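# Architecture at a glance
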Amino acid sequence: AVKALAWSPHERNLLASGGGTADRTIKFWNASSGALINSIDTGSQVCALQWSPHEKEILSSHGYAENQLCLWKYPTMAKMKELKGHTSRVLHLATSPDGNLVCSGAADETLRFWNVFSSDNKRKSESTSTIQGLSRSSKL
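Worth saying up front: this structure is predicted, and the values here are computed from it rather than measured.

Attention now moves to the pairing of strand β3 (residues 25–30). Sheet topology note: the strand β2 (residues 14–19)/β3 ladder contains 5 bridges and is antiparallel. Within β3, the position partnered with Gly18 by the bridge is Ile26. Here β3 pairs with strand β4 (residues 36–41) via 5 bridges, running antiparallel. Within the sheet, the bridge partner assigned to Phe28 lies in β4 and is Asn38. Linking two consecutive strands that pair antiparallel, namely β3 and β4, is a turn of 5 residues; a positive phi of about 80° is found at Gly34 within it.

Pasting the structure below:
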């Protein structure tokens, strides 16, 4: 099943899609031709996708078994960060108007706020693959 869709703000006609439990991939499509550009197996169900408005990076949220968010560099799809904190599937992602903060909503009935796209965090992410910290957590 297709679980997530996100248009690139950086490249015309570039669409990312995320697959469910059986598929586990992020696929990149040329929307004008319908051609598959690339596909990467994430190892778990993809629940949501969100492009960085500043850099060619895409954030994915996942379900079983880690319930994590992953930041990927496009087009190499090198994993830059892995963000953990939710205890159930991370169903939704939304970026703040300034493009720095991302809010994730999960089946564990919490919202979590991450400084994932901020320019200060970029410098640190080159040497840190897993970040346990988060800005705030709120129970709904």
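Its location among the elements puts Leu91 in strand β9 (residues 90–95). Along the primary structure Leu91 and Gly105 are separated by 14 residues, whereas in three dimensions their C-alpha atoms are 5.9 Å apart. Setting aside its immediate chain neighbours within four residues, Leu91 contacts Cys47, Ala48, Gly105, Ala106 and Ala107.

The tally for this structure, following the rule as stated, stands at 3 aromatic pairs. Where Phe28 meets Trp51, the ring centres are 6.0 Å apart and the plane angle is 65°; that geometry is what we call edge-to-face. Taken together, the positions of Phe28 in strand β3 and Trp51 in strand β5 (residues 46–51) put the pair 23 residues apart, joining distant regions of the chain. Among the residues examined, Phe28 registers a relative accessible area of 0% and is labelled buried. Residues Trp51 and Tyr74 carry aromatic rings whose centres are separated by 5.5 Å and whose planes lie at 75° to one another, so their mutual orientation is edge-to-face. Here Trp51, found in strand β5, pairs with Tyr74, found in the loop between β7 (69–73) and β8 (78–83); they are 23 residues apart in sequence, far enough to count as distant. The structure contains a cluster of three or more aromatic residues connected by ring pairs, namely Phe28, Trp51 and Tyr74.

Now for the nonpolar core. If you look at the biggest cluster of nonpolar residues, it comprises 15 residues, and the most contacted ones within it are Ile26, Phe28, Leu49, Trp51, Ile58, Trp72 and Met77. In this view, Trp72 contacts Ile26, Ile40, Thr42, Lys56, Glu57, Ile58, Ser60, Met77, Ala78, Lys79 and Met80; residues no more than four positions away in its chain are not counted. If you look at the next biggest cluster of nonpolar residues, it comprises 12 residues, including Ala48, Leu71, Val116 and Phe117.

With that settled, consider the sheet that holds β2. Read from one edge to the other, the open sheet built from 4 strands follows the order β1-β2-β3-β4, with strand pairing classed as antiparallel. Sheet topology places β1 (2–7) and β4 at the edges, where each strand pairs with a single neighbour. On average, adjacent strands in this sheet sit at an angle of 20° to one another, irrespective of strand direction.

Under the criterion given, the structure shown has 7 salt bridges. Linking Lys27 and Asp23 is a salt bridge whose minimum nitrogen-to-oxygen distance equals 3.2 Å. Overall, the relative accessible area of 30% leaves Asp23 in the partly exposed class. Residues Lys84 and Glu66 are paired through a salt bridge, measuring 3.0 Å at the closest nitrogen-oxygen approach. Placement of Lys84 in the loop between β8 and β9 and of Glu66 in the loop between β6 (57–62) and β7 is noted, with a sequence separation of 18 residues between them. For Glu66, a relative accessible area of 41% translates into the label partly exposed. Ionic contacts of the salt-bridge type, sharing partners, join the residues Glu66, Lys79, Glu82 and Lys84 into one network.

Basis of the calculations
Residues numbered from 1 in each chain as written. Predicted model: local features only at pLDDT ≥ 70, side-chain atom pairs only at ≥ 80, totals over all residues. Heavy atoms only, no water. Pairing = 2+ DSSP bridges. Helix = DSSP H or I, 4+ residues; strand = E, 2+ residues; numbered from the N terminus. Contact = heavy atoms within 4.5 Å. Phe/Tyr/Trp six-rings, centres within 6.5 Å; stacked < 30°, edge-to-face > 60°. Buried < 20%, exposed > 50% of the residue type's maximum accessible area, 1.4 Å probe, protein only. Core = buried A, V, L, I, M, F, W, Y, C linked by side-chain atoms within 4.5 Å. Axes fitted to C-alpha atoms, helices over the stretch in contact; angles between N-to-C directions. Salt bridge = Lys/Arg side-chain N within 4 Å of Asp/Glu carboxyl O.

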